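# Examination of the molecular architecture
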Amino acid sequence: MSSIILLFLCLLIGVLIKKIPQFPYNTHIVLNQFILFISLPAMALYYLPEVKLGWDLLFPAGVAWIAFGLAFVIFYGLGKAFGWSKSLIGCMILTAGLGNTSFVGIPVIEAMYGAEGIKTLIIVDLPGTFVVLSTLGIITAAAFSRHSSNLKSILLQVFRFPAFLAFLVGISMAAFNLHFSDSLQDVFGKLAATVSPIALVSVGFQLNINKRSKHWGFLTLGLLYQLVLLPIVIFVLYVLIFKQSGLPIKVSIVEAAMAPMITAAIVAGQYGLKPKLANMMIGIGIPISFVTLTIWYFFLEWFFA
């Protein structure tokens, strides 16, 4: 419960400090830079070396890869068919294709399935969501940015992204069973803990819900994909086609139904991919997701009873 309170409190803080003159108009830029250059790399170095690589990761970790791949196919296709701008296509792929499997996911999964559920969540989040963001997410952001020009410049942007470099270090350490000292682990852990609160304050600072906004249609489309279509796809694929069951599969489906990822919205804003729409996806998607997640929970309990 404390995590959920912190979530809404940080959003509210962001909204309120925008009205305080001592906070400059570009406060969110500074917050975003701290997340991208400090917090996110620390998260990679804290969690990834501890991941145990194996086939048991396949179904939970696959959620994020399926989510992003399907989002790319759908929104790239719609964008080309209806003449959307590159920045709009990129924003929709990033914000609808990556779920908030950690900050929103942890309190929700813990409340629904307890400590055993958290074990599956870690697999969904690290080899899944975090790795997709650090690789395909950054490539997509760079490719759909106004400043992208060719494959070389896109790859240079990816390899200059601190979280991607930290990912390479972390996953290499996991592969060779190497670990940081306890002291370094503690430092990385404390820095990693700053991701969600700072990101939510940044989102709240930028949040501007305009009833006449041209983004409402795209917002609805993105949330329908993230909160409804994607978990249906994962349910059909995992349960009806591959005949999987048990707690890890339940957690995987609920994680697929999470609201859009906060850090994905930060990356979208950093690359100029419709930052107002990206922040609306977070600010509106998170409260709505608590309703849809409850529906998914009771449906799964009924189905597997």
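Residues numbered from 1 in each chain as written. Predicted model: local features only at pLDDT ≥ 70, side-chain atom pairs only at ≥ 80, totals over all residues. Heavy atoms only, no water.

Take the overall build of the protein chain next. Scanning the protein chain from terminus to terminus reveals 13 helices and 0 strands. Compactness check: the protein chain gives a C-alpha radius of gyration of 18 Å against a globular reference of 19 Å for 305 residues, within 12% of the reference. With the C-alpha coordinates of the protein chain rotated into their principal frame, the extents come out at 50 × 45 × 40 Å. Burial statistics for the protein chain: of 305 residues in total, 52% are counted as buried. Of the contacts made within the protein chain by residues no fewer than 6 positions apart, 86% connect residues no fewer than 24 positions apart. (Helix = DSSP H or I, 4+ residues; strand = E, 2+ residues; numbered from the N terminus. Rg over C-alpha atoms; globule rule 2.2 N^0.38 Å. Buried < 20%, exposed > 50% of the residue type's maximum accessible area, 1.4 Å probe, protein only. Contact = heavy atoms within 4.5 Å.)

A word on the environment of proline 248. On the secondary structure map, proline 248 appears in helix α11 (residues 247-256). Its relative accessible area of 39% is what places proline 248 among the partly exposed residues. With 189 residues separating them along the chain, proline 248 and phenylalanine 59 place their C-alpha atoms 8.4 Å apart.

Of note in this structure, asparagine 177 is not a glycine but carries a positive phi near 55°. Mapped onto the fold, asparagine 177 is located in the loop between α7 (162-175) and α8 (182-192). Overall, the relative accessible area of 53% leaves asparagine 177 in the exposed class. Even without being a glycine, lysine 274 presents a positive backbone phi close to 45°. Structurally, lysine 274 is set in the loop between α12 (262-270) and α13 (275-303).

With that settled, consider empty space enclosed by the protein. Enumeration over the complete set of coordinates arrives at 2 cavities of 30 Å³ or more. In this model, the largest cavity occupies a volume close to 120 Å³. Together, 13 residues line the largest cavity, and Ser102, Val195, Ser196, Met261 and Thr263 are the ones closest to its centre. Elements with a contribution of two residues or more to the lining of the largest cavity: α2 (27-47), α5 (105-144), α9 (195-206) and α12. Here the lining of the largest cavity gets 3 residues from one element, more than from any other, and that element is α9. Among the residues making up the lining of the largest cavity, the classes are represented as 8 nonpolar, 4 polar and 1 charged. Empty space within the second largest cavity amounts to approximately 50 Å³. Val63, Ala64, Ala67, Gly97, Gly99, Thr101, Thr129, Gln226, Leu230, Glu255 and Ala256 together form the lining of the second largest cavity. When contributions to the lining of the second largest cavity are tallied by element, the ones reaching two or more residues are α3 (58-82), α10 (216-241) and α11. Counting residues per element, the lining of the second largest cavity draws most heavily on α3, at 3 residues. (1 Å grid on protein atoms, 1.4 Å probe; cavity = no way out; pocket = protein on both sides within 12 Å on 5 of 7 lines; lining within 4 Å. Points joined across faces, edges and corners; volume = space filled by probe spheres on them. Nonpolar A, V, L, I, M, F, W, Y, C, P; charged D, E, K, R; others polar.)

Any link to function would need more than the numbers given here.
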